[in-house]
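The primary structure of each chain is shown beneath.
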Amino acid sequence: MSPRPAITSLANPAVKALYTLRKRADRDDQGLFLIEGYRAVTRAMDTGFKLQALYICPEWYLGGHEDEVVARAEAEGAKIIQLGQAAFAKAAYRDRPEGLLGVGRQWHTTLGELELPENPFLIIVESIEKPGNLGTILRSADATGADAVIVCDAVTDLFNPNVVRASTGVMFKVPTVVTTTEETLAFVKEHGIKTIAATPAATENYTNADLRGPVALVMGSEQFGLTDTWLNAADLPVRLPMMGLADSLNVSAATVVLAYEVLRQRSAK
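Residues numbered from 1 in each chain as written. Predicted model: local features only at pLDDT ≥ 70, side-chain atom pairs only at ≥ 80, totals over all residues. Heavy atoms only, no water.

Enquirer: Any chance you could break down the sheet that holds strand 1 (residues 6-7) for me, citing the residues and the numbers?
Expert: The five strands lie next to each other as 1-4-3-5-2, forming an open sheet whose pairing is mixed. Where the open sheet ends on each side, the last strands, each with one partner, are strand 1 and strand 2 (32-36). The pairing of strand 3 (residues 53-56) with strand 5 (residues 100-105) spans four bridges and is classified as antiparallel. In the sheet register, Ile56 faces strand 5, and the bridge partner there is Leu100. (Pairing = 2+ DSSP bridges. Helix = DSSP H or I, 4+ residues; strand = E, 2+ residues; numbered from the N terminus.)

This is the structure in structure tokens:
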């Protein structure tokens with residue numbers, strides 16, 4: 001690939017505009033977000049997502065296929081902008097950038113737009129605070145075949161760079177709705193979906209729950225767990241056995257355990 005002129009000044013308007021997308025208010029105002037790294041960028045394009053721009057820095061590349069990604073993005077209509085190392089590092093979110101930083105338009109899916117199968121499997125999370133946990137939950141949803149993730153009363157935003165990174169790019173594939181608890185409760189009731197609330201206070205072990213029918217796992221915030229609204233409305237509270245000092249797992253770890261139990265039960269002959 002022929003060399004491109006690189007922007008090296010940290011004061012360049014293009015660098016400054018890119019840097020603003022690290023902040024939620026600016027992301028929301030512009031309706032844009034960052035997609036950082038080889039895996040996230042390629043998976044986004046694999047799902048048909050169109051990048052508006054792809055910022056590149058060959059000095060930061062880690063592998064040997066980045067030029068192919070750049071050529072593909074350009075062929076699909078993305079504007080290619082090359083930055084110097086210092087300028088790219090200022091805009092990138094990672095401590096060690098990978099030399100690829102995409103910019104794309106945010107999207108917003110509603111509950112009414114979800115296309116559920118006859119036997120749906122949902123993951124519902126309430127007031128998740130840490131972007132890394134939300135991204136990991138999206139990754140777990142993809143791995144276990146969940147049909148959608150519903151984010152209730154969001155604290156962190158879906159387009160936080162750490163959500164994109166922790167999801168390893170699968171957020172472009174997993175249908176995800178950001179809405180309220182009230183709307184979600186009405187939705188699962190309307191569709192006859194049994195809600196399984198994870199809480200240390202439950203007496204029922206999660207392996208005793210029948211997860212083969214239409215089901216939604218409901219997971220609470222890292223600090224406070226589920227609110228009384230969900231605990232009172234859920235069809236079945238369940239717990240994970242804890243044999244040590246801690247009374248609960250990290251929410252993303254607990255979601256992995258429960259989601260794989262759904263997959264195990266549904267896969268059993």
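Enquirer: Would you mind going over the nonpolar core in detail, with residue names and values included?
Expert: Ile35, Leu51, Leu54 and Ile123 are the most contacted members of the largest nonpolar core, which totals 51 residues. With five residues, helix 10 (residues 251-267) is the single largest residue contributor to this core. Once residues within four sequence positions are removed from consideration, Leu54 is found in contact with Val41, Val69, Val70, Ala73, Ala78, Lys79, Ile80, Ile81, Leu100, Leu101 and Gly102. (Core = buried A, V, L, I, M, F, W, Y, C linked by side-chain atoms within 4.5 Å. Buried < 20%, exposed > 50% of the residue type's maximum accessible area, 1.4 Å probe, protein only. Contact = heavy atoms within 4.5 Å.)

Enquirer: Please set out the packing of aromatic side chains residue by residue, giving values where relevant.
Expert: In this structure the tally under the stated criterion is eight aromatic pairs. An angle of 70° between the planes, with centres 5.9 Å apart, marks the rings of Phe33 and Trp107 as edge-to-face. With a gap of 74 residues between them, Phe33 in strand 2 and Trp107 in the loop between strand 5 and strand 6 (121-126) connect regions that are remote in the sequence. Using a relative accessible area of 0% as the deciding quantity, one classes Phe33 as buried. (Phe/Tyr/Trp six-rings, centres within 6.5 Å; stacked < 30°, edge-to-face > 60°.)

Enquirer: Which residues make up the environment of Ser252, and what values go with them?
Expert: Locating Ser252 in the fold gives a position in helix 10. Ser252 sits in the buried class, given a relative accessible area of 9%. Sequence separation of Ser252 and Arg139 is 113 residues, and the distance between their C-alpha atoms is 9.7 Å. Residue contacts for Ser252: discarding those within four places in its chain leaves Asn133, Thr136 and Ile137.

Enquirer: Can you lay out helix 6 (residues 131-144) for me, pointing to particular residues and giving the numbers?
Expert: Look at helix 6: 20 Å from first C-alpha to last across 14 residues, which is about the 20 Å you get at 1.5 Å a residue. Among the residues of helix 6, Pro131, Asn133, Leu134, Gly135, Ile137, Leu138, Ser140, Ala141 and Thr144 are the ones counted as buried. Looking at the buried side of helix 6, the elements it contacts are strand 6, strand 7 (148-152), helix 7 (161-166), strand 8 (176-179) and helix 10. Positioned one or two residues after helix 6, Gly145 has a phi angle of 80°, which is positive. (Expected span 1.5 Å × (residues − 1).)

By themselves, these are just geometric observations and shouldn't be taken as functional.
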